[in-house]
Amino acid sequence: MSSTRLSSEAARRGRTILATRPLTRWRTIDLITAAVLGVAFGVAYWGWALAYQAPANGLAAVFPPLQGITGAPWLMAGVVGGLVIRRPGAAFFVELVAAVVEALVGNQWGGAATLLSGSLQGIGAEIAFAILGYAAFGLGAAVLAGALSAPLEVVYEWFAYWTDWDWAYKIAYLFILTASGAVIAGGLGWLLTRGLARAGALTPFPPGQEEREARAV
């Protein structure tokens, strides 16, 4: 059976189309697209750093750990990078590039803290795709990646920013940011990837191929 026929059958059955083998052999277009995604998210992260404080303060007035909801958008780059490129290291790479760009543009946390957060978030997303064997990239995988982007970041924040909180607040923050990462970074990241595929922006990548095959069925 030809690869085209296999792809059509995969689309008809709603199965995930994977990147070409070997997965560790990145194409030039993979590297360029991952870098572009990272830069775009870095600029978006910088904008969110300017805007997030007001909603964070409002949520904190209700229950301080609810501020974790406003942290979820910073977890999206790794999710989208993994969903688009579908190769080991993509989630980490895109999240790290986003952090580098945000750090270079400048924010209130400084470069070192931003890079550390980006690395921890990217590692979390990468772990999710690795757990799935880089073989599942649907909504469930996106939700898992968004959720696992949070725990390492939360542990870092416990000791960097929330040292005056008791453990009840700290554990609540862990659950809130993890759940928010699943819904906001995972759910919106999946929708963004599907939207880019439908717009024709991901033609050389598996999401674009899935979209083409779905239309052809």
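The protein is annotated in an unreviewed UniProt entry as Energy-coupling factor transport system substrate-specific component of Lapillicoccus jejuensis.

A few words on helix 6 (residues 90-105). Across its 16 residues, helix 6 extends 23 Å between first and last C-alpha, which sits within 8% of the 22 Å expected from 1.5 Å per residue. Within helix 6 the residues assigned to the buried category are Ala90, Ala91, Val94, Glu95, Val97, Ala98, Ala99, Val101 and Glu102. Elements in contact with the buried residues of helix 6: helix 2 (28-51), helix 5 (76-85) and helix 7 (111-131).

What follows is about a nonpolar patch on the surface. A cluster of nonpolar side chains, Val39, Val43, Trp46, Leu50 and Val105, forms an exposed patch at the surface whose accessible area comes to about 440 Å². With 4 residues, the single largest contributor to the nonpolar patch is helix 2. Relative to the helices and strands, Val105 is located in helix 6. Taking the relative accessible area as the measure of exposure, Val105 reaches 46% and is therefore partly exposed.

What follows covers the nonpolar core. In terms of nonpolar packing, the biggest core is built from 41 residues, with Phe41, Val84 and Phe129 touching the most fellow members. Breaking this core down by element, the ones donating at least two residues are helix 2, helix 5, helix 6, helix 7, helix 8 (139-148), helix 9 (151-160) and helix 10 (167-198). Counting residues per element, this core draws most heavily on helix 5, at 7 residues. Setting aside anything within four residues of it in sequence, one finds Phe129 in contact with Gly78, Val79, Gly82, Leu83, Ala91, Tyr134, Ala136, Phe137, Ala141 and Ala145.

The UniProt record marks residues 31-54, 66-85, 127-151 and 171-192 with the feature "transmembrane region" (unreviewed entry), using the residue numbering of this structure. Helix makes up 70% of residues 66-85 and strand 0%. Its end C-alpha atoms lie 32 Å apart. This span, residues 127-151, is 64% helix and 0% strand, and a straight line between its end C-alpha atoms measures 11 Å.

Take unusual backbone geometry next. When glycine is set aside, most residues are seen to have a negative phi, and most peptide bonds are trans. The step from Arg21 to Pro22 runs through a cis peptide bond, and the omega angle for that step is -10 degrees. Relative to the assigned elements, Pro22 resides in the loop between helix 1 (3-13) and helix 2. Phi at Arg86 is positive, roughly 60 degrees, even though this residue is not glycine. Summarising the element assignment, Arg86 is placed in the loop between helix 5 and helix 6.

Right, let's talk about helix 2 for a bit. Relative to the 34 Å expected for 24 residues at 1.5 Å per residue, helix 2 spans 35 Å between its end C-alpha atoms, a close match to the ideal helical length. The complete set of buried residues in helix 2 reads Asp30, Thr33, Ala34, Leu37, Gly38, Phe41, Gly42, Tyr45 and Ala49. Contacts made by the buried residues of helix 2 are with helix 5, helix 6 and helix 10.

For the rest of this paragraph, the subject is the pattern of salt bridges. What the rule picks out here adds up to 6 salt bridges. Here Arg87 and Asp30 are joined by a salt bridge, their closest N and O atoms 2.8 Å apart. Linking Arg87 in the loop between helix 5 and helix 6 with Asp30 in helix 2, this pair joins segments that are 57 residues apart in sequence. Since its relative accessible area comes to 3%, Arg87 is described here as buried.

It is worth spelling out the packing of aromatic side chains at this point. Under the definition given, this model contains 16 aromatic pairs. On the basis of an interplanar angle of 25 degrees and a centroid distance of 5.6 Å, the ring pair of Phe129 and Phe137 is categorised as stacked. Phe137 matches Phe129 in its accessibility class, with the two residues each being buried. Between Trp158 and Trp167, the aromatic rings sit 5.0 Å apart at their centres with planes inclined by 85 degrees, giving edge-to-face as the arrangement. Classification of Trp167 by relative accessible area gives partly exposed; the value is 48%. Among the aromatic side chains, those forming a connected cluster through ring pairs are Phe63, Trp162, Trp165, Tyr169 and Tyr173. Sitting over the ring of Phe159, Lys170 keeps its end group 5.7 Å from the ring centre. One Lys or Arg, Lys170, reaches over the ring of Trp167 and ends 4.5 Å from the middle of that ring.

What counts, and at which threshold
- Residues numbered from 1 in each chain as written.
- Predicted model: local features only at pLDDT ≥ 70, side-chain atom pairs only at ≥ 80, totals over all residues.
- Heavy atoms only, no water.
- Helix = DSSP H or I, 4+ residues; strand = E, 2+ residues; numbered from the N terminus.
- Expected span 1.5 Å × (residues − 1).
- Buried < 20%, exposed > 50% of the residue type's maximum accessible area, 1.4 Å probe, protein only.
- Contact = heavy atoms within 4.5 Å.
- Patch = residues over 30% accessible without salt bridge, like charges linked within 9 Å, V, L, I, M, F, W, Y side chains within 5 Å.
- Areas by Shrake-Rupley, 256 points an atom, 1.4 Å probe, with all protein chains shown as cover.
- Salt bridge = Lys/Arg side-chain N within 4 Å of Asp/Glu carboxyl O.
- Core = buried A, V, L, I, M, F, W, Y, C linked by side-chain atoms within 4.5 Å.
- UniProt positions renumbered as here; feature names shortened; annotations may be inferred.
- Phe/Tyr/Trp six-rings, centres within 6.5 Å; stacked < 30°, edge-to-face > 60°.
- Lys NZ or Arg CZ within 6 Å of the ring centre and 35° of its normal.

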